[in-house]
Amino acid sequence: AKENGRDDFRFFLTDMNLRAREQQSIEDGLRHALEQHEFVLHYQPKLNLETGAITGAEALIRWWRPDRGFVSPAQFIPIAEDSGLIVPISQWVLREACRQARAWRDADLPPLSMAVNISPLEFRNKGFLEGIRAVLHETQLEPHYLELEITEGVLMQNIESTGSVLRALHDMGVRLAIDDFGTGYSSLSYLRRFPVDALKIDQSFVRDISTDAGDAAIVSAIISMGRSLKLRVIAEGVETAEQLAFLRAQGCEEMQGYYYSKPLPADQFEVFARSKA
Ligand code: C2E
Ligand code: CA
Ligand code: CA
Ligand code: CA
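Numbers given to residues run from 1 along each chain, matching the order in which its sequence is written. All chains are assigned letters beginning at A, and all ligands numbers beginning at 1, according to the order in which they are written. Per-residue local features of the predicted model are confined to residues with pLDDT of at least 70, and side-chain atom pairs are confined, for both listing and counting, to 80 or more; whole-chain, interface and lining totals are unaffected and use all residues. Based on all heavy atoms of the structure, the side-chain values leave hydrogens and waters out of the count.

### Some details on the packing of aromatic side chains
Each aromatic pair joins two rings of Phe, Tyr and Trp (for Trp, the six-membered one) with centres within 6.5 Å, and gets the label stacked for planes under 30 degrees apart, edge-to-face for over 60, and tilted for any other angle. For the coordinates displayed, the defined rule picks out 11 aromatic pairs. On the numbers, 4.9 Å between centres and 70 degrees between planes, the contact of tryptophan 64 with phenylalanine 70 is edge-to-face. Burial classes: relative accessible area under 20% of the type maximum marks a residue as buried, over 50% as exposed, and values in between as partly exposed (1.4 Å probe, protein chains only). According to the relative accessible area criterion, tryptophan 64 is partly exposed, its value standing at 44%. Here the aromatic rings of phenylalanine 123 and phenylalanine 128 are separated by 5.5 Å at their centres, their planes lie at 55 degrees, and the arrangement is tilted.

### What about unusual backbone geometry?
In most cases, non-glycine residues show a negative phi, while peptide bonds are predominantly trans. Here the phi dihedral of aspartate 108 falls at roughly 35 degrees; this positive angle occurs in a residue that is not glycine. Helix and strand assignments come from DSSP, with helices taken as H or I runs of at least 4 residues and strands as E runs of at least 2, each series counted from the N terminus. The residue aspartate 108 is located in the loop between helix 3 (86-106) and strand 4 (113-117) in this model.

### Digging into the layout of surface pockets
Left-over empty space is what a probe sized like a water molecule reveals as it rolls over the atoms. Cavities and pockets were defined on a 1 Å grid built over protein atoms only: a cavity is a set of grid points that admits a 1.4 Å probe from which the probe cannot escape, a pocket is an open set flanked by protein on both sides within 12 Å along at least five of seven lines, and lining residues are those with an atom within 4 Å of any such point. Grid points are joined across faces, edges and corners, and a volume is the space filled by probe spheres set on the points. Counted as a void, the largest pocket has a volume near 1000 Å³. Along its surface, the largest pocket is lined by 36 residues, and Glu58, Leu60, Asn117, Asp179 and Asp180 are the ones closest to its centre. Listing elements by their share of the lining of the largest pocket, those giving two or more residues are strand 2 (54-65), helix 2 (73-83), helix 3, helix 4 (120-124), strand 5 (146-151) and strand 6 (175-181). With 5 residues, strand 2 is the single largest residue contributor to the lining of the largest pocket. Under the scheme applied here, ten amino acids are nonpolar (Ala, Val, Leu, Ile, Met, Phe, Trp, Tyr, Cys and Pro), four are charged (Asp, Glu, Lys and Arg), and all others, including Gly, are polar. Within the lining of the largest pocket, the residues separate by chemical class into 15 nonpolar, 11 polar and 10 charged.

### A short note on the site of ligand 1
In the neighbourhood of ligand 1, 20 residues make up the surrounding shell, with Gln44, Arg62, Asn117, Glu239 and Tyr258 lying closest. Contact distances for ligand 1 include 3.3 Å between an oxygen atom and a side-chain N or O atom of glutamate 58. For this analysis, a polar contact is any N or O atom pair within 3.5 Å, provided that within protein one partner can donate a hydrogen and the other can accept it, and provided that sequence-adjacent residues contribute only side-chain to side-chain pairs. Take tyrosine 258: an N or O atom from its main chain is 2.8 Å from an oxygen atom of ligand 1. For ligand 1, whose accessible area on its own is 810 Å², the fraction buried by protein is 81%. Here a residue counts as near a molecule or strand whenever at least one of its heavy atoms sits within 4 Å of it. Each accessible area is a Shrake-Rupley estimate made with a 1.4 Å probe; only the visible protein chains count as cover when residues are assessed.

### Comments concerning the coordination of the calcium ion (ligand 4)
Distances from the calcium ion (ligand 4) to its protein donors, Asp180 (OD) and Asp180 (OD), fall at 2.8 to 3.2 Å. For the pair the calcium ion (ligand 4) and the calcium ion (ligand 2), the metal-to-metal distance amounts to 6.0 Å. Listed donors are limited to N, O and S atoms within 2.8 Å of the metal, widened to 3.2 Å for Na, K and Ca; water is not among them, so incomplete-looking sites are possible.

### Re the coordination of the calcium ion (ligand 3)
The coordination sphere of the calcium ion (ligand 3), as far as protein atoms go, consists of Asp179 (OD), Asp180 (OD), Glu236 (OE) and Glu236 (OE), spread over 2.1 to 2.8 Å. Each donor residue of the calcium ion (ligand 3) lies on the same chain, and together they follow the pattern D-D-x55-E. Here the calcium ion (ligand 3) and the calcium ion (ligand 2) are spaced 3.9 Å apart, and both take aspartate 179 as a donor. Here aspartate 179 is found in strand 6, whereas its partner glutamate 236 is found in strand 8 (residues 232-236), with 57 residues between them in sequence. In terms of burial, aspartate 179 and glutamate 236 fall into one category: buried.

Purely spatial values, then, with no claim about function.
Here's what the structure looks like:
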């Protein structure tokens, strides 16, 4: 057993080395990815559950490494956060998403909101508000078409400054959605304090709604709370007809998920949007 223990330890160290090296390689790659045009945005449709009409898109970043293929954002976003590279990357995402939203407005697609994920570091970056203002001005996108997705954790840090940033966004006309709603361990009081427009039910609750009574109860509770607080509620990660039926019966307004569409490149999104108009 002792021998084994030592081997395990050695494996552990090797594993740590591999991880550290992988981490470093991603960080090095990220440094050049913007200049090399290795990022692209995919767009996942959001649909109105009652009418089936398309209501908007969530922009999701994709990184194509020439030597490695696609790297998942779940893998590189945390590294981009740690290294601070998230700031320039996020600026690119925001500009590209708003440019695309504006182009779709001009191409007479149905009016679509464009949701952009905001990382914690970006949200607390000094130039954040000015960056949003500048991109909206530059792309001439009407602010109410832009929806920022922010997690509860971000809102709960530094409540004072969070409040003033959110109010400034609200005054600008930009919408705010709480992402991964229900997974944070925050109090719900911020829903009264902050100008929130929408809640996105985390996909971990949606996954088992037809089999797990606990998850079903949580999802119903979020939907009815959203209704009483006059917030839009968006279910994410909807994959099956059963999940859809449950959400519809509970009066959930909007959904997003593989059941209708995975995230799509811009040209395919456009085809999808026209078919749902
Ligand atoms: P998220 O914001 O919660 O995005 C939803 C994720 O669920 C996306 O993964 C999406 O492709 C996936 N998804 C959508 N529908 C389904 C479904 O029906 N079933 C399942 N199993 N998954 C579904 P993705 O694109 O890999 O992104 C992962 C995370 O990376 C995002 O989670 C978000 O936190 C982050 N991320 C992605 N793009 C950006 C970005 O541009 N900026 C920032 N800051 N973070 C981003
Ligand atoms: Ca999101
Ligand atoms: Ca989410
Ligand atoms: Ca997430």
